[in-house]
Amino acid sequence: MGETDQVLLKSLKNLKNLKNLTKQRVLAVDLDGTLIQGDLSRLASYRLVKKNLFYLLVIAIWLVKGRPFAKFAIAQSMKLDASTFAYHDAVVQYLKECKSNGDYLILATGSAQHYAVKVAEHLGVFDEVWGSSKTNNTGIHKQSQLVARFGKQGFDYLGNSHVDLKVWKDAKHALIVSSNQRLIKKLQNLCPTIKIFAP
């Protein structure tokens, strides 16, 4: 087989994979407060300060350099064991069911990429991991990535807070982890809401 034939076969394979993906339901899932209880950056910061009060000053300096930098630095300084996190059991079970149904799952989070990858490896259900690196992957940044990749109404989104409204507005369906009735009402007026999980 010649080099041209190999390139052609590779292109056809990529096209087939793309077509298969468009047939799948795409579900993007937030991490902090949605998949797990609490916030990983805050947890790591707390443990750093508990380890040494000097980190209060260090973290303040990191924050001056921007949230993405601070999250990266904190993740590099404090290792966390993903198996010990307080997961929302109902959400984890739902994601396992989605995976078994052939859905394409993306962990899209404002947490540091390092932590997000550890969570994905522990659960074993995610096809892609989008964490914070150069930008703080929340709100409009997360929304723009999803729309650029899948188009408006080309994905479902599972989140938990007001900042997620920027993502839900372009989602096909919304899923939420919350008991905040005002937020849930606002969401239901914005996007078809198919599932509500108790926090």
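What you see is a predicted model, and the numbers here were worked out from it, not measured in a lab.

Summed over all chains, the structure comprises six salt bridges. In this structure, the salt-bridge partner of arginine 25 is aspartate 103, at a minimum N-O distance of 3.1 Å. With arginine 25 in the loop between α1 (3–23) and β1 (26–29) and aspartate 103 in the loop between α5 (89–100) and β2 (104–112), this pair connects stretches of sequence that are 78 residues apart. The class of arginine 25 is partly exposed, set by a relative accessible area of 22%. Aspartate 30 is the salt-bridge partner of lysine 142, the closest N and O atoms lying 3.2 Å from each other. In this pair, lysine 142 sits in helix α7 (residues 139–150) while aspartate 30 sits in the loop between β1 and α2 (40–51), placing the two residues 112 residues apart along the sequence. Comparing lysine 142 with aspartate 30 shows no difference in burial state: the two are buried. Within this structure, Arg25, Asp103 and Asp156 form a network of salt bridges that share partners.

As for its placement among the helices and strands, asparagine 189 is situated in helix α9 (residues 181–190). Under the relative-accessibility criterion, asparagine 189 is labelled exposed at 63%. Taking the C-alpha atoms as reference points, asparagine 189 and lysine 169, separated by 20 residues in sequence, lie 9.8 Å from one another.

This part takes up the packing of α2 against helix α3 (residues 55–64). Where α2 contacts α3, the two axes come as close as 8 Å, and the packing angle between them is 140°. Judged by the angle between their axes, α2 and α3 are oblique. Two secondary-structure elements touch here, α2 through Ser45, Leu48 and Val49 and α3 through Tyr55, Leu56, Ile59 and Trp62. Of the residues in the contact of α2 with α3, the class split is six nonpolar, one polar and no charged.

What counts as what
Residues numbered from 1 in each chain as written. Predicted model: local features only at pLDDT ≥ 70, side-chain atom pairs only at ≥ 80, totals over all residues. Heavy atoms only, no water. Salt bridge = Lys/Arg side-chain N within 4 Å of Asp/Glu carboxyl O. Helix = DSSP H or I, 4+ residues; strand = E, 2+ residues; numbered from the N terminus. Buried < 20%, exposed > 50% of the residue type's maximum accessible area, 1.4 Å probe, protein only. Axes fitted to C-alpha atoms, helices over the stretch in contact; angles between N-to-C directions. Parallel < 35°, antiparallel > 145°, perpendicular 65-115°, else oblique. Contact = heavy atoms within 4.5 Å. Nonpolar A, V, L, I, M, F, W, Y, C, P; charged D, E, K, R; others polar.

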